Amino acid sequence: MKKHRAFLKWAGGKYTLVEKITKCLPEGEQLIEPFVGAGSVFLNTNYESYILSDINQDLISLFKIIKRSPQKFIQDAKLLFTEQNNTAPAFYELRDLFNQSDSEYQRSLLFLYLNRHCYNGLCRYNSSGEFNVPFGQYKKIYFPESEIHYFAEKAKNAQFICTSYEKAMKKARTGSVVYCDPPYEPLSDSANFTAYYANGFSNVQQKNLALLAEKIAAKYQVPVLISNNDTENTRVWYKNATIFSVETRRSISRNGDGRNKIDELLALYR
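Residues numbered from 1 in each chain as written. Predicted model: local features only at pLDDT ≥ 70, side-chain atom pairs only at ≥ 80, totals over all residues. Heavy atoms only, no water.

Going by what an unreviewed UniProt entry lists, the chain is known as Site-specific DNA-methyltransferase (adenine-specific) and is assigned to Zophobihabitans entericus.

S.K.: I'd like to hear about the confidence of the model for the chain, residue by residue, with values.
M.R.: For the chain, per-residue confidence averages 92 on the pLDDT scale, and 91% of positions sit at 70 or higher. This model gives residues 192–198 a pLDDT under 50, and the stretch forms 23 contacts once residues within four places in sequence are excluded. Under a pLDDT of 50 for its full length, residues 252–256 has, in the predicted model, 9 contacts with residues more than four places off or in other chains. (pLDDT = per-residue confidence, 0-100. Contact = heavy atoms within 4.5 Å.)

S.K.: Could you give an account of the pattern of salt bridges, naming the residues involved and the relevant values?
M.R.: Inspection of the entire model under this criterion finds 7 salt bridges. Ionic pairing is found between Lys156 and Glu153, a salt bridge with its closest N-O pair at 3.1 Å. For Lys156, a relative accessible area of 56% gives the class exposed. (Salt bridge = Lys/Arg side-chain N within 4 Å of Asp/Glu carboxyl O. Buried < 20%, exposed > 50% of the residue type's maximum accessible area, 1.4 Å probe, protein only.)

S.K.: Requested: an account of the pairing of strand S5 (residues 224–229), with residues and values cited.
M.R.: Counting buried positions along S5 gives 6 out of 6 residues, so the element sits mostly inside the fold. Sheet analysis places strand S4 (residues 176–180) next to S5, joined by 3 bridges and oriented parallel. Along S5, the bridge assignment pairs Val178 with Val224. (Helix = DSSP H or I, 4+ residues; strand = E, 2+ residues; numbered from the N terminus. Pairing = 2+ DSSP bridges.)

S.K.: Tell me about the nonpolar core, and name the residues and values.
M.R.: One broad rule of soluble globular proteins: the nonpolar side chains tend to lie buried together. Counting 58 residues, the largest nonpolar core has Leu8 and Phe63 as its most contacted members. Beyond its immediate chain neighbours, meaning those up to four positions away, Leu8 contacts Ala38, Leu59, Leu62, Phe63, Phe111, Leu112, Asn115 and Arg116. Ranked by size, the runner-up nonpolar core spans 25 residues in total, among them Ile161, Val178, Val222 and Trp237. (Core = buried A, V, L, I, M, F, W, Y, C linked by side-chain atoms within 4.5 Å.)

S.K.: Pulling in residues and values, what's your account of helix H3 (residues 57–68)?
M.R.: Taking 1.5 Å of rise per residue, the 12 residues of H3 would be expected to cover 16 Å, and the 16 Å separating its terminal C-alpha atoms lies within 8% of that figure. For H3, the set of buried residues is Asp58, Leu59, Ile60, Ser61, Leu62, Phe63, Ile65 and Ile66. Residues of H3 that are buried in the fold lie against strand S2 (49–54), helix H4 (70–78), helix H5 (88–100), helix H6 (104–117), helix H7 (145–154) and strand S3 (158–162). Its side-chain oxygen placed 2.9 Å from the backbone nitrogen of Asp58, Asn56 serves as the N-cap of H3. (Expected span 1.5 Å × (residues − 1). Polar contact = N/O pair within 3.5 Å; in protein donor to acceptor, adjacent residues only side chain to side chain.)

S.K.: I'd like a description of empty space enclosed by the protein, backed by residues and values.
M.R.: Here the structure, examined in full by the defined rule, presents 2 cavities of 30 Å³ or more. Approximately 80 Å³ is the volume found for the largest cavity. Lining the largest cavity are 14 residues, with Lys14, Val36, Gly39, Ser40 and Asp181 sitting closest to its centre. Classifying every residue of the lining of the largest cavity gives 6 nonpolar, 5 polar and 3 charged. (1 Å grid on protein atoms, 1.4 Å probe; cavity = no way out; pocket = protein on both sides within 12 Å on 5 of 7 lines; lining within 4 Å. Points joined across faces, edges and corners; volume = space filled by probe spheres on them. Nonpolar A, V, L, I, M, F, W, Y, C, P; charged D, E, K, R; others polar.)

S.K.: Give me the lowdown on the state of the cysteines, citing residues and values where you can.
M.R.: This structure, assessed with the given rule, holds 0 disulfides. Here Cys24 is not cross-linked by a disulfide; its sulfur's nearest cysteine counterpart is in Cys180, at 14 Å. Assessed through its relative accessible area of 0%, Cys180 is described here as buried. (Disulfide = S-S within 2.5 Å.)

S.K.: Explain unusual backbone geometry to me, and be specific about the residues and the numbers.
M.R.: The general pattern is negative phi for most residues beyond glycine and trans for most peptide bonds. Its identity is not glycine, yet Asn120 carries a phi of approximately 60°, on the positive side. Locating Asn120 in the fold gives a position in the loop between H6 and H7. Classification of Asn120 as buried rests on a relative accessible area of 19%. Of note, the phi angle at Gln221 is positive, near 55°, even though the residue is not glycine. Mapped onto the secondary structure, Gln221 falls in the loop between helix H9 (203–220) and S5.

As structure tokens, then:
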């Protein structure tokens, strides 16, 4: 089966691991993703329906707009992908425009522009809620037209919501399957890169997620799969789940040099 890439770059995206994840995902009628990110798992599974959630309002607004008007969005977004706009002065001007804008549609267009032009496709906001990732300095910028079209087609069977992972998971009922891809437990203090948004994801939240997954699996007979780094902490948090070890390569450097093999795990509650 052909693998489909997300139209957004995303730190922690699951494109490279999607085959291993889908092997562990049980069958069901509906997939719920409380941490949808760029949506690689959504794009590479075939459930009848989806509930896709994230706490990033810009991300969810973008997805809703593409579902509603994909062709208009593509036409308008293309206007930002010019050689003139692939410069530091233009980038910072458009980043300022994004941070000052209260137009959902304009922010969605600029969100895609910033995602493809900023350093490593990172999504990060400061404590004031302003996007603050620097210019990426790429020679060529790819406009993901075909990926947007495919996303829009798949999105016909998806509901997008901006809410907490707790509220998203509580929508699970018989026939649902839940896949959680939370900000990962850092492998070291210096590797702590969980703050995609203005707030991070603490160990208390990690533990709460594991407890909620166990509760939902027991109460509703709804399987819950969680991905994370394979660490002493995650082994403790997921001690009541079935653990699958997976190996991947990861780097946040622009050129990919020094990619290291990393042990991750998939914890299945059912």
